[in-house]
Amino acid sequence: NAGVTQTPKFRILKIGQSMTLQCTQDMNHNYMYWYRQDPGMGLKLIYYSVGAGITDKGEVPNGYNVSRSTTEDFPLRLELAAPSQTSVYFCASSYPGAGNTIYFGEGSWLTVV
Amino acid sequence: GDSVTQMEGPVTLSEEAFLTINCTYTATGYPSLFWYVQYPGEGLQLLLKATKADDKGSNKGFEATYRKETTSFHLEKGSVQVSDSAVYFCALSLETSGSRLTFGEGTQLTVNP
């Protein structure tokens, strides 16, 4: 049972570099999300998508971009990395409906130096 | 806006002690409520949930009751184990916000033998 798969698990970036965090899910979920978790803090929503071709901003979208060309994939692009983007990133997915469980990937640890 | 407030941690207990982690929420509608658990180096896993007032969620000896009158969803366990050491997150989700999770800050629990 793969669930939500994120890659890479660890990455070190230099200031100004760009990269894409990959996320794929095999549960045929319509909804997908990207969260970031800073040390000792809760999770903040970056972007979310309610279906292929539809994306929307969350609480902290600045410095990030997303696309959703298929149901399965929801990559997160970091443009011009900054130290403030050092964080742990979690991709998640769910069926529609507030009572449904949201399933999380294992996380991607990103350090910007 | 919608928000979740958890008791501050860290919390340190001896094995077999009683656990309570307080969680209160503010929401414009009628949210679904969740407790997620994060073990060291891992992603978040759903621990339990409740989707309407007076519902009780339970799993692995943990329980929480959705109290609309006090806007609370406190997590309890009668006898904690060392393996319960983790970070616990309270969260809410609303149909009107695309089922996104709004998280509390998390409570670090350490259980000593």
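Fair warning: this is a prediction, and the values are worked out from it, not measured in the lab.

Participant: Explain unusual backbone geometry to me, please; I cannot follow it from the model alone.
Facilitator: In terms of backbone geometry, most residues other than glycine have negative phi values and most peptide bonds are trans. The amide bond that connects A:T7 to the next residue, A:P8, takes the cis arrangement and shows omega of -5 degrees. Position of A:P8 relative to the elements: it lies in the loop between β1 (4-7) and β2 (10-13). Going from B:G9 to B:P10, the amide bond is cis rather than trans, its omega being -5 degrees. With respect to the helices and strands, the residue B:P10 is situated in the loop between β1 (3-6) and β2 (11-14). Here the phi dihedral of B:D54 falls at roughly 75 degrees; this positive angle occurs in a residue that is not glycine. Take B:D54: it is sitting in the loop between β6 (44-50) and β7 (56-59). By relative accessible area, which is 53% here, B:D54 ends up exposed. Unlike most non-glycine residues, B:K60 shows phi in positive territory, near 55 degrees.

Participant: Looking at this model, I keep getting lost on the interface of chain B and chain A. Mind explaining?
Facilitator: Taken together, the contact between chain B and chain A spans 22 residues of the former and 25 residues of the latter. The junction of chain B with chain A conceals about 1800 Å² of combined surface from both sides, 54% of it contributed by carbon and sulfur atoms. Our count for the contact surface shared by chain B and chain A stands at six residue pairs in polar contact (both at pLDDT 80 or more). Where the side of chain B that touches chain A is concerned, the elements lending two or more residues are β5 (32-38), β6, β10 (86-93) and β11 (101-103) of chain B. It is β5(B) that contributes the most residues to the side of chain B that touches chain A, four residues altogether.

Participant: Please clarify how the pattern of salt bridges should be interpreted in this entry.
Facilitator: Residues and elements named next belong to chain B. Here the structure, examined in full by the defined rule, presents six salt bridges over all chains. Between K52 and D55 there is a salt bridge; the shortest N-O distance is 3.4 Å. The partly exposed category is assigned to D55, whose relative accessible area is 21%.

Participant: How should I be thinking about the sheet that holds strand β7 (residues 64-66) of chain A in this particular structure?
Facilitator: Hydrogen bonds between backbone atoms are what pair the strands of a sheet, whose relative direction is either parallel or antiparallel. Residues and elements named next belong to chain A. Read across the open sheet, the four strands follow the order β1-β3-β8-β7; overall the sheet is antiparallel. Since the sheet does not close on itself, it has two edges, and those belong to β1 and β7, each with one partner. Taken over all neighbouring pairs, the strand axes of this sheet differ in orientation by 20 degrees on average, direction set aside. The pairing of β7 with strand β8 (residues 76-78) spans three bridges and is classified as antiparallel. Counted as the bridge partner of V66 is L76 from β8.

Participant: I keep staring at the state of the cysteines and nothing clicks. Help me out?
Facilitator: Where two cysteines share a covalent bond between their sulfur atoms, that bond is called a disulfide. Residues and elements named next belong to chain B. Applying the stated criterion across every chain yields a total of two disulfides over all chains. Between the sulfur of C23 and that of C90 lies a disulfide, 1.9 Å long from S to S. Residues C23 and C90 share a disulfide whose torsion about the S-S bond is about -70 degrees; that sign makes it left-handed. A residue pair is termed long-range when its members are at least 10 positions apart, and C23 in strand β4 (residues 23-26) and C90 in strand β10 qualify at 67 residues.

Participant: Would you mind going over the sheet that holds strand β9 (residues 75-77) of chain B with me for this structure?
Facilitator: All names here are of chain B. The antiparallel open sheet is built from four strands, whose spatial order is β3-β9-β8-β7. Either end of the sheet is taken by a strand with one partner, and the two such strands are β3 (19-21) and β7. Taking the axes of each pair of neighbouring strands and ignoring which way they run, one obtains an average angle of 15 degrees across the sheet. In terms of strand pairing, β7 meets strand β8 (residues 62-65) through four bridges, oriented antiparallel. In the strand pairing of β8, G57 is matched with A64.

What counts as what
Residues numbered from 1 in each chain as written. Chains lettered and ligands numbered in written order. Predicted model: local features only at pLDDT ≥ 70, side-chain atom pairs only at ≥ 80, totals over all residues. Heavy atoms only, no water. Helix = DSSP H or I, 4+ residues; strand = E, 2+ residues; numbered from the N terminus. Buried < 20%, exposed > 50% of the residue type's maximum accessible area, 1.4 Å probe, protein only. Contact = heavy atoms within 4.5 Å. Buried area = accessible area lost by both parts, 1.4 Å probe. Polar contact = N/O pair within 3.5 Å; in protein donor to acceptor, adjacent residues only side chain to side chain. Salt bridge = Lys/Arg side-chain N within 4 Å of Asp/Glu carboxyl O. Pairing = 2+ DSSP bridges. Axes fitted to C-alpha atoms, helices over the stretch in contact; angles between N-to-C directions. Disulfide = S-S within 2.5 Å.

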